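Structural features, examined
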Amino acid sequence: MSDLDERELQALGWEVARQLFVLIRIARTHGANNEAWGPALGKVNSAVKQADGIALRAVDGALYVGDVRLKVDRENYTAQEGVIRAFGTHCVGAVEINPGFDAMDLKNLLTTWGSSSPPTPEQGLELLSGALGDGEGIHLVKAPKPKSEEQKDSRHMAKAIYIRTLTAVEDVMESVKINQAFPLKRSKRVMQRLVDNLLADPVNLLGLTNLRCYDEYTYHHSVNVCVLSLSVGRRLGLPKPMLAHLGIASMFHDLGKSRIPVDVLNKPGEFDDHEWDMIRRHPVYGVKTIVKLKGADELASRVVTGSFEHHMGYDGSGYPKLPRQRTMSLYGRIISMCDCYDAMTSARVYNRTPATPERALKLMLSKSGKAFDSVMMKVFVNTIGIFPVGTLLLLDTGEIGVVFQANEDPAQGDRPYVRMITDTHGRELDTPEEVSLTETIAGGKFRWNITRILDPNDLEMDVSEFFL
Ligand SMILES: [Fe+2]
Ligand SMILES: [Fe+2]
């Protein structure tokens, strides 16, 4: 095997995945005669050589090279989904390409792959094996039977919607930056999908709020605050039209940040007085952007409120400072709470070590009734759990698990649903198993008890990958 580090292996893995995706698509639309084949096959060849062979596997909606999971972002998301779909239609679990493989074999394989639509995936695999003949350098591995089709599908769907919302936020914020326009209509369509999905499957979307990225902090943060706010709104039983408004208001609570220079927003060190001044003005910048809209309606006024109130504090202790204290709106109370929680648990550029979910929650609870409305805080805790979604737990069996769902029964709030990520010896599991900590063994004892909360920063772990 080669001595590449994980980053290099990631890059080479993605290169092969991208080229496979492109070539299968070309095979579908243009067949074997297209000028793109040569360069793309060349790229595969060079990546395979550098890595001393590449085995690309698809497991539970993610791609792996060997044991390294390929980290997905918006740029390579389409390629990942395309490859996984192609693997699925032809019952392929892995493609192994060894150095010195014959480019013609790969071309034959991919041409058949792209141009065939087999009646069953198993027949697809037969077709592909036939196309390979005895091409020694390339092996196909049959896909294992999926564990739970239904579960996998809903995770997939939530992920696609999360990414679509992320793109919409970026588009809107960029367009505000360039021409000060605020295309509300487009956001409404995206919000419809998000609300529908959240009502049908609240678990997966909430888990995705662990997806944080400091390069695109503002966009991820906007979507996370939106999903958290909607989850609180759902818990409160708000009707759908209200959820849609709450969703859009929370998604654009930081719209005013598009008026602050990026190098200030992403400054690694502390802000100086002037910069703080600018930062403190973003709630008002947001208001100014929206009121400029022609024909501002009820929805626009919600967005204005969300932007204006989200740093104000329930007791008025935040900013902007008002001459007279006013009661915060329901949306403002929800958004300010979710905003604070996501900001504390995220690795912003100027705050590289994020707080663990449970530490953030504790800190916020200490401000309950002051900066945060105490009733709303209770709803918030019920929504994300005492051990919030994304918390890493060491169990008394030695297993490590990550919380993916709060227990809906408040009496069992300290026994959430957990995705097990290691076995009792701390060895990482290939396919995380999902369990409820309420499970009992003989004698009515609980099968697992929480020993302590682990900090993923100490373990150099990225919890978000367990939600993708
Ligand atoms: Fe803000
Ligand atoms: Fe924010």
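Residues numbered from 1 in each chain as written. Chains lettered and ligands numbered in written order. Predicted model: local features only at pLDDT ≥ 70, side-chain atom pairs only at ≥ 80, totals over all residues.

1. Some words on the sheet that holds strand 8 (residues 417-422)
What the five strands build is an open sheet, ordered 9-8-7-6-10; its pairing is antiparallel. Of all strands in the sheet, those bounded by a partner on one side alone are strand 9 (428-436) and strand 10 (450-454). The mean inter-strand angle of the sheet, taken between neighbouring strand axes irrespective of direction, is 35°. Both strand 7 (residues 400-405) and strand 8 contribute to a ladder of four bridges, which runs antiparallel. Bridging from a neighbouring strand, Gln405 pairs with Tyr417 of strand 8. (Pairing = 2+ DSSP bridges. Helix = DSSP H or I, 4+ residues; strand = E, 2+ residues; numbered from the N terminus. Axes fitted to C-alpha atoms, helices over the stretch in contact; angles between N-to-C directions.)

2. Focus on the domain arrangement of the protein chain
Segmentation of the protein chain into domains returns domain 1 (6-145), domain 2 (150-382) and domain 3 (392-466). Computed over C-alpha atoms, the centres of domain 1 and domain 2 are 39 Å apart. Taken together, the contact pairs four residues of domain 1 with six residues of domain 2. Its residues placed into classes, the side of domain 1 that touches domain 2 shows one nonpolar, one polar and two charged. (Domains from an automatic or database assignment. Contact = placed C-beta atoms within 7 Å. Nonpolar A, V, L, I, M, F, W, Y, C, P; charged D, E, K, R; others polar.)

3. A short note on helix 13 (residues 282-291)
Among the residues of helix 13, His282, Pro283, Gly286, Val287, Thr289 and Ile290 are the ones counted as buried. Projected down its long axis, helix 13 shows its buried positions confined to an angular sector of 160°, all on one face. (Buried ≥ 20, exposed ≤ 12 C-beta atoms within 10 Å, placed from the backbone. Arc of directions from axis to C-beta.)

4. Digging into the sheet that holds strand 4 (residues 92-97)
In space, the five strands of this open sheet follow the order 3-2-1-4-5, with antiparallel pairing throughout. Of all strands in the sheet, those bounded by a partner on one side alone are strand 3 (68-69) and strand 5 (138-142). Relative to strand 4, strand 1 (residues 54-59) is paired through four bridges, and the arrangement is antiparallel. Within strand 4, the residue paired with Ile54 across the bridge is Ile97.

5. Here's the deal with unusual backbone geometry
Looking along the chain, the bond that leaves Tyr319 and enters Pro320 is cis, with omega of -10°. Of note in this structure, Asp52 is not a glycine but carries a positive phi near 60°. With respect to the helices and strands, the residue Asp52 is situated in the loop between helix 2 (37-51) and strand 1. With 13 C-beta atoms packed within 10 Å, Asp52 lands in the partly exposed category. The phi angle at Cys91 is positive, at roughly 55°, despite the residue not being glycine. Looking at the secondary structure, you find Cys91 in the loop between helix 3 (74-89) and strand 4. Given 19 C-beta atoms within a 10 Å radius, Cys91 is considered partly exposed.

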